[in-house]
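Structural overview
The primary structure of each chain is shown beneath.
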Amino acid sequence: MAQLLRGWSSIDPRFRHIRPVAYTAVSRVNFSGFTTGGSSNGGNAGAGGNGGGSSHSTAWSRYNYYRQQEFLRPPNTSGWQYWNGGHRHYAMLVGRVLRGVLKLRYLVLGGAIGGGVTLNKRYEEWKDGLPDMKWLEEVLPDNEKWAGFTKNLLAVKDAVKDSIEIDPRLKQLSEHKLNEWRQWFDQRLDNAIEAAETQQNPQIETTKEELRAKNTVNAKGLGAEDSRKRVDTLQAQVDSLQTEIMNVQLKYQREVEKLEKENRDLRQQYLILKTNRKQPTKKRIKKSLIDMYSEVLDELSGYDTSYTTADHLPRVVVVGDQSSGKTSVLESIAQARIFPRGSGEMMTRAPVKVTLSEGPYHVAQFRDSEREYDLTKESDLSELRREVEIRMRNSVRGGKTVSMDVISMTVKGPGLQRMVLVDLPGIISTQTVDMAPDTRDQIKHMTEHYMSNPNAIILCIQDGSVDAERSNVTDLVSQCDPLGKRTIFVLTKVDLAEDLADPNRIRKILSGKLFPMKALGYFAVVTGRGRKDDSIETIREYEEKFFKNSKLFQSGVTMSHQVTTRNLSLAVADRFWKMVRETIEQQADAFKATRFNLETEWKNNFPRLRESGRDELFEKAKGEVLDEVVNLSQVSAKKWEELMNSKLWEKLSSYVFENVYLPAAQSGSQNSFNTMVDIKLRQWAEQALPAKSVEAGWEALQKEFQHLMEVARRTPDHDDLYDNLKSAVIDEAIRRHSWEDKAIDMLRVIQLNTLEDRSVHDKQEWDQAVRFFEASVKDKLLATETTIGEMFGPSTSQKWLHWRSSTEEQNKRRQVKSELDKILDSDTKHSPTLSYDELTTVRKNLQRCNVEVETDYIRETWYPIYRRHFLKQALNRAYDCRKAYYLYSQQGSDCEVNCSDVVLFWRIQQVIKVTANALRQQVINREARRLDKEIKEVLDEYGEDDEKKQQLLTGKRVQLAEELIRVRQIQEKLEEFINALNLEK
């Protein structure tokens, strides 16, 4: 617009006076209009590009507004009249030109920008939707090869057209696949073309035509033969995938079948349990009753209390003289030969508790074992008898013959009566030489203990084949149960007594008129024919046959209900359950009172603690020990190296001073010093140094672990109850632990290589060696001063300040010391030993003072004095060597300042560093883990050893908690049993 006005002014001078104002106004209109129109066109170009007209109208309206406001009025009126009158058509021409320019500009710019952006976006979307055709570049050859290949293929096709036929199915499949590709590609292409045609983008049009042409070429180029090959390849891949899928399906099918089978079994068990809960049978309750009752008796077998709550629960106690047949009676009731046998030898050495219960299978099982012995198999019976014998012998300790430890077992079988029997050792009259001296008294005491239970049923066994006057058991039974309210008398071996004894005598025995004891019932049984190999079935048949044909039975000596083991077991079981029902609630009330008393005592003594038994306390202590082991593995590498350095020097300092440094330093010359040092260090590294290093590492490991345990003891929540257990576990683990042998060989190589280096590398290492040498000499000098103070007594200041005095021996030593000091003052480089002349001179000088001493006495006094003198000289050399590194680095061993001491201690320091580093790696990588493993092994062993726990976890708190827990368990089991018993009623 500005250029247009400039042109008009140059053509006609009349337009010059409006140039500045008109140019400014029109410029404003142009820019404001373009800005508005440009943004409008830019936003609407994609929809058709028609926004330019409205923007142009807005711009022209603003132009008329400015003209009306006289922004374009010239300074003189005459010029404006000329403009307004005769030449108005020029202004209209300007408006028309401006309108056309603006319209064209907006159309071009808006359409180009908006259409380009939209079409580019559509093109990108269409391009992303195309399939990945890169695989065609790898499979198909280039155009030239493809053209040649096509020509050759057509020639081959014409040559063999009549001889080769394509499978119609394959041909149909290939054509079908090809048609699918064509349809899909055409559809995608048509969609893209339709989107492009909307915007009329020539670039998209070109791309459309090219893709169509390529599609046509590819369609024509792909013949039936190529499709067949491609289909073969795809078919092979499909077959491979199908085979793999089939294998996976078969695998999972097997897993599913397995899980379904387990599910069916679990479902069946669940239904059975559910049915049993809904409709409990009496038989099932009986079995659970006796099992629960046996568990109560097992709990009571080890119960010991200070509240006089004795075990008064009923059980059947089988007592009798040795070899009276009591074990055979018990076996007949259990219907199995479950006990070992011997010829006249005592076989029952401990109480054997046998719980009889009814079950579908005839099996036996120990309380502390999961194995079941099939009593119908002779092999299992033999193993069971062997196991019983082993347990009996293991229960006897300390040279004893019998034991109070109870061996508990359960026997289940069809037709067995539910009861609990205890077989005791037989009562003896005479002790043999292989028995303990108190065996007879122990057996008697054990028998009385079990029979003293007021609710125990006494099954008194009497041998019918021996004279009644020789019986020992009847007197004991009559003493414990004088009224016979809980005694059942059993006469065994009646088949032998029939021919030997008088029938009237047997009649008196079975009627209770021969013995002074009384009983609830009297029974006669036959427990065998004297053969060890007879089975229970054989014995029962023999017993029934004997009583059927016996003269005693036929003559009325015995009644039918008084004979056979079967009647005996029925009578004992009936009496047993009657006694249980009469006494069980009373026993439960007694334990309930005991529990109340124990809980009250616990609340009074330990109000804020829970009742934890030994097992729980042990597990807690075990956890704390393992936590400390974990803390041991978290110790930093820097701290390990510091520990190793200090422990190594503590172990090695004495040898370095006494065996290496002092002998070499007192040799007299620097060359001999270096030679002697090399020899001694090499011998040391090859022999004692590696073992000493390992010992130092092991002590450092122990020290750090004990330090962690000590830190744990100082915590506020620490419990002293576990200290004995922790200490015992750690001591045992440390005693078992030993460092790996290969560590010594590895350290030997490292130390030998380190000692070969004889030159200090830099000033920093030199300063460290000097400080190390000074500190070591000062420590030895301080120890020497302490020895001298003890040998020569207090000094003058100590006498006055601390009121200390010297002994006569110390005064004598002081006089010898004064003479020896004169020798050192006269010769500061004196040798370590005194010559004969010097010893003689000292003795004579002391004799003048009326002091008589021996030569050895003088030498003994000389040693600490010379040692202090030498160490002070060594300390002075260390001070001189502080700033001698420059001379040493320039002159080496020929340095004017003798610093061989510093070099020696630098070598020792380097050996300690590399050794500490190696030991630190061994501790972190191996030894800490091995110690952890050994601690866990010790804890596991102690956890299974009840005696160890009783020994290490002691105190009133533990004992009271143990008793309370045991009483609580007994009471709960009793209540459970009572509830089940009431349900049976």
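This section reports on the structure supplied with the text. Computed from a predicted structure; not experimentally measured. (Residues numbered from 1 in each chain as written. Predicted model: local features only at pLDDT ≥ 70, side-chain atom pairs only at ≥ 80, totals over all residues. Heavy atoms only, no water.)

**Things to note about helix α13 (residues 378–395)**
Here α13 contains 18 residues, and its C-alpha end-to-end distance of 26 Å stays within 8% of the 26 Å for a straight helix at 1.5 Å per residue. Among all positions of α13, only Asp380, Leu381, Leu384, Arg385, Val388, Met392 and Ser395 are buried. All buried residues of α13 project into a common sector of 140° when viewed along the axis, lining one side. (Helix = DSSP H or I, 4+ residues; strand = E, 2+ residues; numbered from the N terminus. Expected span 1.5 Å × (residues − 1). Buried < 20%, exposed > 50% of the residue type's maximum accessible area, 1.4 Å probe, protein only. Arc of directions from axis to C-beta.)

**Regarding the sheet that holds strand β7 (residues 457–463)**
Sheet architecture is open: nine strands sit in the order β4-β3-β5-β2-β6-β1-β7-β8-β9, paired in mixed fashion. Two strands lie at the open edges of the sheet, namely β4 (373–374) and β9 (521–524), each paired on one side alone. Direction of pairing for strand β8 (residues 487–492) relative to β9: parallel, over a ladder of four bridges. Note that in β9 the partner of Val490 across the bridge is Phe523. (Pairing = 2+ DSSP bridges.)

**Digging into the state of the cysteines**
Summed over all chains, the structure comprises one disulfide. Residue pairing for Cys881: its cysteine sulfur links by disulfide to Cys899, the two sulfurs lying 2.1 Å apart. Where Cys881 bonds to Cys899 through sulfur, the torsion about that S-S bond is close to -110°, and the disulfide is left-handed. Within this pair, whereas Cys881 is found in the loop between α31 (855–880) and α32 (885–891), its partner Cys899 is found in the loop between α32 and α33 (900–944), the two being separated by 18 residues in sequence. Taken individually, Cys881 and Cys899 each receive the classification buried, so the pair is uniform in this respect. (Disulfide = S-S within 2.5 Å.)

**Regarding the pairing of strand β2 (residues 352–358)**
Among the seven residues of β2, six are classified as buried, and the element is accordingly described as predominantly covered. Note that β2 and strand β5 (residues 407–413) share seven bridges and pair parallel. In the sheet register, Thr355 faces β5, and the bridge partner there is Thr410. With five bridges joining them, β2 and strand β6 (residues 419–423) adopt antiparallel strand pairing.

**So, the side chain of Asp423**
Here Asp423 is to be found in strand β6. Within polar-contact distance, the side chain of Asp423 engages the side chain of Lys326 at 3.2 Å. Engagement of the side chain of Asp423 in a polar contact is seen with the side chain of Thr327, the distance being 3.2 Å. Excluding residues within four positions of it along the chain, Asp423 makes contact with Val318, Lys326, Thr327, Leu330, Phe339, Thr348, Ala350, Pro351 and Val352. (Polar contact = N/O pair within 3.5 Å; in protein donor to acceptor, adjacent residues only side chain to side chain. Contact = heavy atoms within 4.5 Å.)

**Things to note about the environment of Pro437**
Within the secondary structure, Pro437 sits in the loop between β6 and α14 (439–451). Overall, Pro437 belongs to the exposed group, its relative accessible area being 73%. Taking the C-alpha atoms as reference, Pro437 lies 8.6 Å from Lys400; in sequence the two are 37 residues apart.

**As for the packing of helix α29 (residues 808–826) against helix α30 (residues 836–848)**
For the pair α29 and α30, the least separation of the axes is 10 Å and the interaxial angle reads 135°. Taken as axis vectors, α29 and α30 run oblique relative to one another. At the point where α29 passes α30, the crossing takes the right-handed sense. Here Gln815, Val816, Glu819, Leu820 and Ile823 of α29 come into contact with α30, specifically with Glu838, Val842, Asn845 and Leu846. Across the contact of α29 with α30, the residue classes tally to five nonpolar, two polar and two charged. (Axes fitted to C-alpha atoms, helices over the stretch in contact; angles between N-to-C directions. Parallel < 35°, antiparallel > 145°, perpendicular 65-115°, else oblique. Left-handed = near helix turned anticlockwise from the far one by under 90°. Nonpolar A, V, L, I, M, F, W, Y, C, P; charged D, E, K, R; others polar.)

**Considerations on the packing of helix α27 (residues 763–792) against α33**
It is the contact of α27 with α33, at a shortest axis distance of 8 Å, that shows an interaxial angle of 100°. One way to sum up the angle between α27 and α33 is to call them roughly perpendicular. Each of Glu765, Trp766, Gln768, Ala769, Val770, Phe772, Phe773 and Ser776 in α27 lies in contact with α33, whose residues at this interface are Asp901, Val902, Val903, Phe905, Trp906, Ile908, Gln909, Ile912 and Lys913. In the contact of α27 with α33, the residues fall into eleven nonpolar, three polar and three charged.

**Observations concerning the nonpolar core**
One finds Tyr661, Trp766, Leu820, Leu904, Ile908 and Ile935 to be the most contacted residues of the largest nonpolar core, which totals 101 residues. Ranked by residue count, the leading element in this core is α33, at 17 residues. The residues contacting Tyr661, other than those within four sequence positions of it, are Val656, Phe673, Phe773, Phe870, Ala874, Arg877, Asp901, Leu904 and Phe905. One finds Val329, Val354, Ala364 and Val420 within the second-largest nonpolar core, a separate group that totals 66 residues. (Core = buried A, V, L, I, M, F, W, Y, C linked by side-chain atoms within 4.5 Å.)

**Some points on the packing of aromatic side chains**
Tallied over the entire structure, the rule returns 20 aromatic pairs. Taken together, a centroid distance of 5.7 Å and an interplanar angle of 50° make the contact between Phe489 and Tyr522 tilted. With Phe489 in strand β8 and Tyr522 in strand β9, the pair connects residues that are 33 residues apart, well separated along the chain. Of the two residues examined, Phe489 and Tyr522, each falls in the buried class. Here Trp602 and Phe606 contribute two aromatic rings whose centre-to-centre distance is 4.8 Å and whose plane-to-plane angle is 45°, an arrangement assigned as tilted. Across the pair, exposure class does not vary: Trp602 and Phe606 are buried alike. Each residue in the set Trp649, Phe657, Tyr661, Phe772, Phe773, Trp862, Tyr866, Phe870 and Phe905 is aromatic and connected to the rest through ring pairs, giving one cluster. The side chain of Arg391 reaches across the aromatic face of Phe366, ending 4.1 Å from its centre. Note that Arg813 overlies the ring of Tyr857, its terminal NZ or CZ placed 4.0 Å from the centroid. (Phe/Tyr/Trp six-rings, centres within 6.5 Å; stacked < 30°, edge-to-face > 60°. Lys NZ or Arg CZ within 6 Å of the ring centre and 35° of its normal.)

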